[in-house]
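# Results of the structural survey
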Amino acid sequence: MTTRILPFLALLAACSPSAEGLRATPQGDGPEVVIDWDAEPLPEIPLPNDMATTPDATSPTGLRVNIPTEATTLYETESRLKIDELFGWGIYAPITVSFSESLDVGNIVARHPNDFEKEDAFADDAFYVIDVDPDSPDYGKPVSLDVGHGRFPVDAFRTDRYFPNDTRSASPSILFDTVDEDLNHNGVLDPGEDTDNDGILDVPNVWPPGGDPFEDLLTFYDLETNMLLFRPVVPMREETTYAVVLTNRLVGESGQPVRSPWPYVNHTRQTSALEPLVDLLPDFGLTVDDVAFAWTFTTGRVTGDLKDIREGMFDGTGPFRRLAKDFPPGFVEADQVSGRSIDDKYNFPTEVLSSLLGPLGLLGDSAGEDVLLDGMRSFSSRLVGGAFVTPNFMVDTDDGGTWDADEWFKVDPYTGSMAVEGERVTFNCVLPDPADGIEPPYDVMLYGHGYGSTRLEFLLFAPVMNRFGLAVCSFDFPGHGPGVDPDQLAEISGLLGPLGLAPLGFNLLDARYRDLNNDGVPDSGGDQWSADPFHTRDMVRQAVVDWMQVVRTLRGCGTGTMPLYDYDAEGNAYPAGGDRMQCDWDDDGVPDIGGPDANLYIVGGSLGGINSGVAAGVVPGITAWSPVVPGCGIVDVGVRTQIGGAVEAFIGRFVSPLILGLPQEDGSLRISELVNSVTDMVELPIDSIGTIPAGGTVVVTNLETGEESRGMIPADGRFRVAIAADALDAGEKRLAVDMPMSGPEDGVVYSVPDNAGLGDHLVVELFDADGTSVAVFDTWGADVVHEGVTYPAGSPLVAGSEGNGKIRGSKDARRLAQVAAMVMEPGDPVAYASHWFTDPDPYIGPQNVLLMPTPGDDQVPINGGMACARIAGFTDWHHVDERYGMTVDQWLIDRQVVRGAEERGPWRNAEGDPVLFDADDLDDGINVYGEPSDTPLRSTLDTPAGQSGLRLPYVSPKGTHGFRTPDPSLAFDINSFAIYQIAQYLDTQGKQLQDRPCYGTGDCPDFQAFDGDGGAQ
Amino acid sequence: MSALLLGVALGMIGPAAAEEPAPTAPHTIEATFAGGDGSVSTWGHLRHILSRYPDFAVDAEGTMVGQPWSIDQRLRVGADLRYTGVRLATEWDLVTGQIAGETWDIPGDVDERHREAYLAGTPRGQIPRRLSLGVAIPGLLDLEMGLVPATTWGLGILANGGDRLPLFGRVDRGDRMIRGRFSFLPVRNAAGPTAPLVLTLGFDRVVEDDTLRMAYGQTAYHVIGSVLWRDPEHVSGGFFYTYRTQTEPGDAPRPTTVHALDGFVDAHVALSDAWRLRVAAEAVLLTGRTERVLTYADTTGTKILSGGAALEVEVTGPGDWTTFHLRSGWASASGDPDRGVLKDFTFDRNYKVGLILFDQLMGGIEAGTYALLDDRAESGGPPDGAELLVSEGSVRRATYLFPAVTVRPSDWMDIQLGYIGAWSNGPIAQPFYTFRNGGSPTNHLDQPTDGQRYMGSELDLSIGLGRGAATAGWIFRPSIWFQGGVAFTGEAMGGETLAMFQTTARVDW
């Protein structure tokens, strides 16, 4: 009987064959794709990758990122927990895959030229990214990939920007190493060679070998880790599945194709998603048998949250529909802006204001000050102010309402749950002087200010915009306010108080900033750009939500009332009794601004440019936009910028805590801890030793995590060792030491016994060249005060602030950039620019956008602005432009406009000084600075909504971050040109983008003339 | 996630009883109450199990079961009050759980037998099994409502109350539900029923079964209907159908809907005056859809299409001195779990097949797998539904052949000898390592297993003493049962020899 049954059993057992891949991995000995699930700090797999996701019915994509959350520090664990909330991968972030052996880089270069203008551009590529989502409009299409083509420069504008004792301070990038550590060329990391203390024998990441680190920096391949990195030229579709296909054309140095580490060329989990390749690959002259390795990734929900919030606010529909009811539009205050010397304390005459601005220094000391003040006197009438309540999604949820600098949007489109509370936001407007055709209610230009700045920036734009009949309004972005230190505050009070104008000061200082480092002084924008990509992302998104609320409010002008508020002697607003019609500050029965038919415009500069770049893809009811010096790809911007504060907050947190050796003049060596504190790097002296143990070793141990970092001590003693550590943030410190919310009180020492809980306990031990321990530091040598808390002498040495403790130029740095870029996309214009007019969001339709990066910008590096241009559709990379004999995209790369670093470019003026290329030649050949130019680009596109365009005002041959106040002394005032170009573009409601030379002087014949005495003619 | 076997457990849905329950006989006191006759019955048992377990690696990280021995305890007490056709009944498992020995080393607490903890003295060791009210009109209908343990249907591969002694091994718990049931005998004349045909309709709110714990916030309801021909002396058989709908706690209900169709037949034939033959078989088909377990092929839901079958043949010789058994079973398996159809079928956890291969080895590997999936150093969290991996050693994805013989040298002694051979119906693939290896079948030791299906074999021996106490009419009936086994696992399962010994001491009343 058994003999009969067993075959039957075998038959049953054979019913369920194993899962299979696209094809079995062929024999070979080429480089193997690295899959190391146990790698630290995170598994080493090709990324992005749906292998690192889990199916989730509550996710719009059906997937949710799922990476290990156990990390060395709580700081990193918290970051990973948030990453695991994402619904998929990035649409613009780098795609990476590592190999067991070196690839033939020359082969990649040859197969992946920047030739997208050719019909057969993909014919012989070595790897592909293909849309394999059957529901996608782009199903079956390959993604254009940048493989070192120049769209993504990574060289920093200041290479020595990354803190003391940086052995890579001359290396161009923080993402790649360019130092050859193999001094004796034996291929082994010998003692003394590991100058960056990363434990790896670094090789210059340049191509061809021996090339110049700046000019030949290899950005698509890391020679150290055999990692291939490539980028989509423009963002991919969100919520879409893509296949990455490595073909057998991708070979190692031996010429052998790369190989899968598995029995199949793909993970069998992804076989069904990859099956469309069977039909799609022949389009590229390939079959499945040419696939060496393949994987899939699904892009996440990027723009969806803001769209859902929008529909909740405007229509009361969607998952967040309660927003419309919970946060009704309307100004909740009309604020006092003047005191006893002015008749109507809710309307401040700009004539008086113009007389104050100069002494206050709010217009700087440029030569254009008079121009602006003349304009204000001629075209402006009143300054008004008030407040609205915005749905604040950054509400504190974990620190008792005391600290929101670590918050992020907690919204769930599946359940409709959201953490949101109302936040009072103050604003101001400068209204135009009535004139022919200029009468209330005025159209409104909403201005978005820059990083760390304040809404008061709008005063610079007010005169010009008022000249065109536009009221100019602005509010502080989240966490921002006037950067006024106590001395300036005293100066302002001294000026305004005697004039009875203290309420003006109170109103203008009534802002959203708060003290983030426990020094008692508000830190404007201190948490705008941070190492927490979730918080940073949502600082942008919150600003966009604020704009939505303002738009709703402005549409309601003339309906309902706004209560009057005055300021008490401490500057607190209180109900004064009475009210006025919404937006009718002068109480004449006609709203001053807005209304259902008003044209609303948004112009933003720098941070405002970034925020408006996001908003232009999602905020309804705006007639035209002008993002000035924006950046698409915030991380691409972040790795190059030298902007103060952001580098410290972002990169500083990543590389710290740092233990530094700082030689003193007396020959001793001071040992310090360098940590991040909001926008600063702060040195916390630990102790000193009398002599430098040159050639020795420093070992830093984190007793909490057990991790140890080692570094060599050079002859000059300037060592630098990073170690990951946890520590309380400033808000947590405040709670731990019971510090008042207003900051530390004078004379009070705030401390915790034995520094318990303030930070990870560290030990620093120095060894001399013989390996003999010469010093151990596990306590502070003297009292140290950090973020308001005193670490007493003799108390345990702890980390002052939390940080990743990573090393620049490392794989970790690249991974951070990759992940941070992905996380930030929902708050990055990169995800919205294609929806301005090329692929418009149906809810808002095509928008009119004047995009205005400035050449050579090193604050929001110009490559970010040019990425916006490319994504929006201003710069074509598919068709040859007859003017240039190449694509515009290539032309801009070749002319170094995208890179924007004049000292590394080929262009020289007559004096031989390096200058930037002037792509738009807006001065029509005047060439103020002797700059080279060509046939002007001046990209202008007709769209169903009007016209949109890209303009590149050439402000300086060395580059600038935006344009400046007008400068009549210039032969051609590009600053005046730029602002008038924007103004008239708005005045035409985004229908006409003109390049009139008269913008340079502001004296176009059809403009209102200056009257010089405070009233328009 | 090849082993995310939803269908398995949908089975705890017994309609009317197909077999007599438990070897426990109630101790009854007849009484006369005002207004009529009634009775109070009590029953119960105290059970201790001393186990000596095999030790083996449950993963390639070196995690061992690490539980050399344990003593488990269960005190089951029950009582009912009958009064003129009305029955009020209650039953509890008290101080139930491990009381001595060592807990196992496998991380986590997903094991429902909770071998990681001493539960007897904790609230989780006090389990209400029945609190029900019944109304019966003898020979016509029977109504029951309240908390009840599931009644075992057929052979119990789907619905199993945990109330049958297995050939080898142990049973614990049993499924519980809040049930409203209506059964009646439709074939009748004025004198009463003329055929043993029972129709049952019912509705359940599930309290606990293989795939659900109401205490965890899970919710499941059954609508059940059955047709049962109940003639235990000759042929019994029937069908039941269950519609189950289940939701999970949390923001997303992740609903599951399943249709279960189960049929069985149990025939007794006298081969001669001395020899008797029993042939029993049960087959189950599950279809439905779930969002509790999702696959990459369809992240909106997963189809369920699975089935299982069991066969039991017994030939009993003169005087019940010897019984020859042949048991076999089959549980369907998914070859490619990511194709959007769950085909894996799991027998009810209380349908036991041997001591070691399933109950110990597979149970340990499953718990070890879940521990890896739940390790935050490996991932952000286990996939939804991963807890279903842990069946505590049920027959799953497998085919087995289980011949055995029972010898009863006296009324007080049973000796049993059995052999089990088992084959996997799908690739032998531990989900965690298989995933890491690109989806190619890989076992719990991170070794490729492609093409291998042989799970292993097992030889079991048991000696039971005390059966005669029941026939002797003792109120307190002591028994003791010694069991031992040795398993030879297939190469794909580690290629080890595992031995186990277990003693069960029990007093029933």
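Residues numbered from 1 in each chain as written. Chains lettered and ligands numbered in written order. Predicted model: local features only at pLDDT ≥ 70, side-chain atom pairs only at ≥ 80, totals over all residues. Heavy atoms only, no water.

## Side note on the domain arrangement of chain A
Where the parts come together, the accessible area they lose is often given as the size of the interface. All names here are of chain A. Put simply, the rule reads: Domains are outlined according to an automatic or database domain assignment. Only heavy atoms enter the contact rule, under which two residues are in contact if any of them lie within 4.5 Å. When two parts are brought into contact, each loses some accessible area as probed by a 1.4 Å sphere; the total of that loss over both is the buried area. Here a salt bridge means any side-chain nitrogen of Lys or Arg lying within 4 Å of a carboxyl oxygen belonging to Asp or Glu. Classification convention: Asp, Glu, Lys, Arg as charged; Ala, Val, Leu, Ile, Met, Phe, Trp, Tyr, Cys, Pro as nonpolar; all other residues, Gly among them, as polar.
According to the domain assignment, chain A consists of domain 1 (1-150 + 219-300), domain 2 (327-629), domain 3 (657-803) and domain 4 (828-961). Taking the mean C-alpha position of each, domain 2 and domain 3 sit 41 Å from one another. In this assembly, 12 residues from domain 2 lie in contact with 17 residues from domain 3. Interface of domain 2 and domain 3: buried area, both sides summed, is about 1100 Å²; carbon and sulfur atoms make up 54% of it. Counting across the domain 2 and domain 3 interface gives 0 salt bridges. A class-by-class count of the residues in the side of domain 2 that touches domain 3 yields 3 nonpolar, 5 polar and 4 charged.

## Brief notes about the environment of Asn-611 of chain A
Residue and element names in this part refer to chain A. Formally: Numbering of helices and strands runs from the N terminus, with a helix taken as a DSSP run of H or I at least four residues long and a strand as a DSSP run of E at least two residues long. Three exposure classes are used, based on accessible area relative to the maximum for each residue type with a 1.4 Å probe and protein chains only: buried under 20%, partly exposed in between, and exposed over 50%.
Note that Asn-611 resides in helix α14 (residues 607-615). Judged by its relative accessible area of 0%, Asn-611 is buried. Distance from Asn-611 to Pro-714, taken between C-alpha atoms, is 45 Å for residues 103 residues apart in sequence. For Asn-611, the residues in contact, after removing those within four places along its chain, are Phe-477, Val-540, Ala-543, Val-544 and Trp-547.

## Considering the sheet that holds strand β9 (residues 291-298) of chain A
Residues and elements named next belong to chain A. Basically, it comes down to this: In this scheme, strands are said to pair when DSSP sees at least two bridges between them. Angles here are taken between N-to-C directions and fall from 0 to 180 degrees, while the axes themselves are lines fitted to C-alpha atoms, restricted in helices to the stretch in contact.
The antiparallel open sheet is built from 3 strands, whose spatial order is β4-β8-β9. What marks the edges here is a single partner per strand, and that holds for β4 (127-131) and β9. The mean inter-strand angle of the sheet, taken between neighbouring strand axes irrespective of direction, is 20 degrees. Pairing of strand β8 (residues 241-247) with β9 involves 7 bridges; the strand directions are antiparallel. Paired with Ala-243 across the bridge in β9 is Thr-296.

## Things to note about the nonpolar core
All names here are of chain A. Condition: In this description, a nonpolar core means a group of buried Ala, Val, Leu, Ile, Met, Phe, Trp, Tyr and Cys residues linked to one another through side-chain atoms lying within 4.5 Å.
The biggest cluster of nonpolar side chains holds 194 residues, and the ones touching the most others in it are Phe-127, Val-129, Leu-228, Leu-246, Leu-250, Ile-593 and Trp-836. Among the elements that take part in this core, helix α13 (residues 533-555) stands out by supplying 11 residues, more than any other. Each residue touching Leu-250, except ones within four places of it in the same chain, is listed here: Phe-99, Leu-103, Asn-107, Ile-108, Ala-126, Phe-127, Leu-228, Gln-256, Pro-257 and Val-258.

## Regarding the packing of aromatic side chains
All names here are of chain A. To keep things clear, this is the line we draw: The rule is short: rings of Phe, Tyr and Trp, with Trp giving its six-membered ring, pair when the centres are within 6.5 Å, and they are stacked under 30 degrees, edge-to-face over 60, tilted in between. Should the NZ of a Lys or the CZ of an Arg lie within 6 Å of a ring centre and within 35 degrees of the ring normal, that charge is described as sitting over the ring.
Summed over the entire model, instances satisfying the criterion amount to 47 aromatic pairs over all chains. Ring geometry for Phe-116 and Phe-122: centres 6.0 Å apart, planes at 45 degrees, overall tilted. Considered together, Phe-116 and Phe-122 belong to a single accessibility category, that of buried residues. Note on Tyr-162 and Phe-163: the rings are 6.5 Å apart at their centroids and 80 degrees apart in plane angle, and the pair reads as edge-to-face. Each member of the pair, Tyr-162 as well as Phe-163, carries the same accessibility label: buried. Sitting over the ring of Phe-917, Arg-895 keeps its end group 5.7 Å from the ring centre.

## Comments concerning the interface of chain A and chain B
The following threshold applies: Pairs of N or O atoms within 3.5 Å make up the polar contacts considered here, provided that, within protein, one atom can donate a hydrogen while the other can accept it, and that residues adjacent in sequence are counted only when both atoms are side-chain atoms.
Contact residues are listed per partner, giving 43 residues for chain A and 44 residues for chain B. The junction of chain A with chain B conceals about 3500 Å² of combined surface from both sides, 55% of it contributed by carbon and sulfur atoms. On inspection of chain A and its partner chain B, the count reaches 3 salt bridges. A salt bridge links Asp-338 of chain B to Arg-269 of chain A, with the nearest nitrogen and oxygen atoms 3.5 Å apart. In this structure, the connection of chain A to chain B is made through 15 residue pairs in polar contact (both at pLDDT 80 or more). When residues of the side of chain A that touches chain B are assigned to their parent elements, the largest contribution, 5 residues, is made by helix α1 (residues 2-13) of chain A.

## Topic: a nonpolar patch on the surface
All names here are of chain B. To keep it simple, the criterion reads: Patches draw on residues past 30% relative accessible area with no salt bridge. Two like charges within 9 Å are joined, as are two nonpolar side chains (Val, Leu, Ile, Met, Phe, Trp, Tyr) within 5 Å. Each accessible area is a Shrake-Rupley estimate made with a 1.4 Å probe; only the visible protein chains count as cover when residues are assessed.
Where nonpolar side chains cluster on the molecular surface, the patch consists of Val-40, Leu-81, Val-86, Leu-88, Leu-133, Val-135, Leu-143, Met-145, Phe-182 and Leu-201 and spans about 760 Å² of accessible area. Among the secondary structure elements, those contributing two or more residues to the nonpolar patch are β4 (86-101), β5 (127-137) and β6 (141-149). Following the sequence through the fold, Val-135 ends up in strand β5. The class for Val-135 is partly exposed, based on a relative accessible area of 35%.

## Here's the deal with the packing of helix α9 (residues 369-379) of chain A against helix α10 (residues 458-467) of chain A
All names here are of chain A. What counts, and what does not: Roughly parallel covers angles under 35 degrees, roughly antiparallel covers those over 145, roughly perpendicular covers 65 to 115, and oblique covers all other angles. With the far helix as reference, a near helix turned anticlockwise by less than a right angle produces a left-handed crossing, and one turned clockwise produces a right-handed crossing.
Where α9 meets α10, the axes come as close as 8 Å, and the angle between the chain directions of the two elements is 45 degrees. When the axis of α9 is compared with that of α10, the two are oblique. By crossing handedness, the relation of α9 to α10 is classed as left-handed. Side by side, α9 and α10 meet where Leu-372, Gly-375, Met-376 and Phe-379 of the first sit next to Leu-459, Leu-460, Pro-463, Asn-466 and Arg-467 of the second. Of the residues in the contact of α9 with α10, the class split is 6 nonpolar, 2 polar and 1 charged.

## What about the state of the cysteines?
Residues and elements named next belong to chain A. We count it as follows: We call a pair of cysteine sulfur atoms a disulfide whenever their separation is within 2.5 Å.
Tallying each qualifying case throughout the model produces 4 disulfides over all chains. Between the sulfur atoms of Cys-557 and its disulfide mate Cys-583 the distance is 1.8 Å. On the S-S bond that ties Cys-557 to Cys-583, the torsion sits near -65 degrees, and the link is left-handed. With Cys-557 in the loop between α13 and β16 (561-567) and Cys-583 in the loop between β17 (573-581) and β18 (600-605), this pair connects stretches of sequence that are 26 residues apart.

## As for the side chain of Glu-144 of chain B
All names here are of chain B. Of note, Glu-144 is situated in strand β6. What makes Glu-144 buried here is its relative accessible area of 11%. At 2.8 Å, the side chain of Glu-144 and the side chain of Arg-130 are in polar contact. Residue contacts for Glu-144: discarding those within four places in its chain leaves Arg-130, Ser-132, Leu-133, Gly-134, Arg-179, Gly-180 and Arg-181.

## Side note on the pattern of salt bridges
Residues and elements named next belong to chain B. Taken as a whole and judged by the stated rule, the model has 100 salt bridges over all chains. Measuring nitrogen to oxygen at the nearest pair gives 2.8 Å for the salt bridge that ties Arg-376 to Asp-374. Within this structure, Glu-112, Asp-175, Arg-176, Glu-208, Asp-210, Arg-213, Arg-349 and Glu-392 form a network of salt bridges that share partners.

## A few points about the sheet that holds strand β25 (residues 720-722) of chain A
All names here are of chain A. Within the open sheet, the 4 strands sit side by side as β22-β21-β20-β25. Their pairing is antiparallel. Edge positions in the sheet fall to β22 (680-689) and β25, since each has one partner strand and no second. Going across the sheet, the axis of each strand differs from the next one's by a mean of 25 degrees, ignoring polarity. Here strand β20 (residues 658-663) runs beside strand β21 (residues 669-677); their pairing, made up of 6 bridges, is antiparallel. Bridging from a neighbouring strand, Gly-661 pairs with Ile-671 of β21. Of the strands in this sheet, β20, β21, β22 and β25 are in contact with helix α16 (residues 646-655), which crosses β21 at around 130 degrees.

## Focus on the side chain of Ser-474 of chain A
Residues and elements named next belong to chain A. For Ser-474, the location among the structural elements is in strand β15 (residues 470-475). Only 2.8 Å separates the side chain of Ser-474 from the backbone oxygen of Tyr-447, close enough to count as a polar contact. What Ser-474 contacts, discounting residues up to four positions off in sequence, is Phe-427, Asn-428, Tyr-447, Arg-455 and Phe-458.

## What about the pairing of β21 of chain A?
All names here are of chain A. Burial analysis of β21 places 8 of its 9 residues in the buried class, which makes it a mostly covered element. By the bridge criterion, 9 bridges tie β21 to β22 in an arrangement that is antiparallel. When the sheet's bridge partners are listed, Ser-672 is paired in β22 with Pro-685. The loop that links β21 with its antiparallel partner β22 comprises 2 residues; one of these, Val-678, has a positive phi angle of about 55 degrees.

## Here's the deal with α14 of chain A
All names here are of chain A. Burial analysis of α14 places 9 of its 9 residues in the buried class, the great majority of the element. Along α14, the residues classified as buried are Leu-607, Gly-608, Gly-609, Ile-610, Asn-611, Ser-612, Gly-613, Val-614 and Ala-615. Buried residues in α14 make contact with α6 (304-315), β14 (443-448), α13, β18, β19 (624-628) and α15 (634-638).

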